[in-house]
Amino acid sequence: MRKRTRRTTAAQGAARPTVAVCRGCCCGTPKVPGLDHTAQLRDLRQALNDTANVRVTDCLNACERANVIVIQPSAKGRKTGGRPVWLGLVNDPDATTDITTWVENGGPGLTDPPDILDLYTFRPSRRVQAELHDT
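What you see is a predicted model, and the numbers here were worked out from it, not measured in a lab.

Caption draft 1: Structural context of the state of the cysteines. The full count for this structure, using the stated rule, is zero disulfides. As a non-bridged cysteine, Cys26 has Cys25 as the owner of its nearest cysteine sulfur, 3.7 Å distant. Cys27 takes part in no disulfide bond, and the closest cysteine sulfur, belonging to Cys22, lies 3.5 Å away. According to the relative accessible area criterion, Cys27 is buried, its value standing at 3%.

As structure tokens, then:
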């Protein structure tokens, strides 16, 4: 019975978008001043509790763009062509709010992000992408 419950929980998790918040060597540290990093993570978790999986990840090797957040589409979003969206320099509470609003509305593949998030979007190197997908 327990195995069935675990599989169901895992399947439900895959159905939701995932918000990966970098908290490695630069992101989430005093190297990025002027932002309450703990509050940013708390706000994401609280706002997206019923909508997405929010997880902390180690360094994503995009330190020049700290703080980095990667929005991975839900299973439904992937089926419609959604791909992970990398956001860098997310050092403003308003940007965090824009991210949560977008994810609450469906995220990659299901809804377009607010135009303002174009300022934060970047494409990581192939090496970094490969490393992230290997984990």
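Caption draft 2: Examining the pattern of salt bridges more closely. One pass over the full model with this rule turns up one salt bridge. In this structure, Arg42 engages Asp43 in a salt bridge whose closest nitrogen and oxygen atoms are separated by 3.6 Å. By relative accessible area, which is 42% here, Arg42 ends up partly exposed. The class for Asp43 is partly exposed, based on a relative accessible area of 36%.

Caption draft 3: How the structure looks around the environment of Trp102. Mapped onto the elements of the fold, Trp102 is located in helix α4 (residues 93-104). Take Trp102: its relative accessible area is 3%, and that puts it in the buried class. Residues Trp102 and Pro113, spaced eleven residues apart in sequence, show a C-alpha to C-alpha distance of 5.6 Å. The residues touching Trp102, leaving out its near neighbours within four places in the chain, are Ile71, Val85, Gly107, Pro108, Thr111, Asp112, Pro113, Pro114 and Leu117.

Caption draft 4: Highlighting the pairing of strand β2 (residues 53-57). Here strand β1 (residues 18-22) pairs with β2 via five bridges, running parallel. Counted as the bridge partner of Cys22 is Thr57 from β2. Running through helix α2 (residues 37-48), the crossover from β1 to the neighbouring parallel element β2 is right-handed.

Caption draft 5: Structural view of the nonpolar core. Counting 18 residues, the largest nonpolar core has Val19, Ile69, Ile71 and Ile99 as the members making the most contacts within it. For this core, the elements supplying multiple residues, two or more each, are β1, α2, β3 (69-72), β4 (85-87) and α4. Per-element tally for this core: the top contributor is α4, with four residues. Membership of the second largest hydrophobic core comes to 13 residues, among which are Cys22, Cys26, Ala62 and Val70.

Caption draft 6: How the structure looks around α2. For α2, built from twelve residues, the straight-helix expectation of 16 Å at 1.5 Å per residue is met to within 8% by its first-to-last C-alpha distance of 17 Å. The complete set of buried residues in α2 reads His37, Ala39, Gln40, Leu41, Leu44 and Leu48. Against the buried residues of α2 lie β1, β2, β3 and α4. For α2, the N-terminal cap is Asp36; the gap from its side-chain oxygen to the backbone nitrogen of Thr38 is 3.3 Å.

Definitions and limits used
- Residues numbered from 1 in each chain as written.
- Predicted model: local features only at pLDDT ≥ 70, side-chain atom pairs only at ≥ 80, totals over all residues.
- Heavy atoms only, no water.
- Disulfide = S-S within 2.5 Å.
- Buried < 20%, exposed > 50% of the residue type's maximum accessible area, 1.4 Å probe, protein only.
- Salt bridge = Lys/Arg side-chain N within 4 Å of Asp/Glu carboxyl O.
- Helix = DSSP H or I, 4+ residues; strand = E, 2+ residues; numbered from the N terminus.
- Contact = heavy atoms within 4.5 Å.
- Pairing = 2+ DSSP bridges.
- Right-handed = clockwise from strand over helix to strand, strands pointing away.
- Core = buried A, V, L, I, M, F, W, Y, C linked by side-chain atoms within 4.5 Å.
- Expected span 1.5 Å × (residues − 1).
- Polar contact = N/O pair within 3.5 Å; in protein donor to acceptor, adjacent residues only side chain to side chain.

From the geometry alone we can't say anything about function, so treat these as descriptive.
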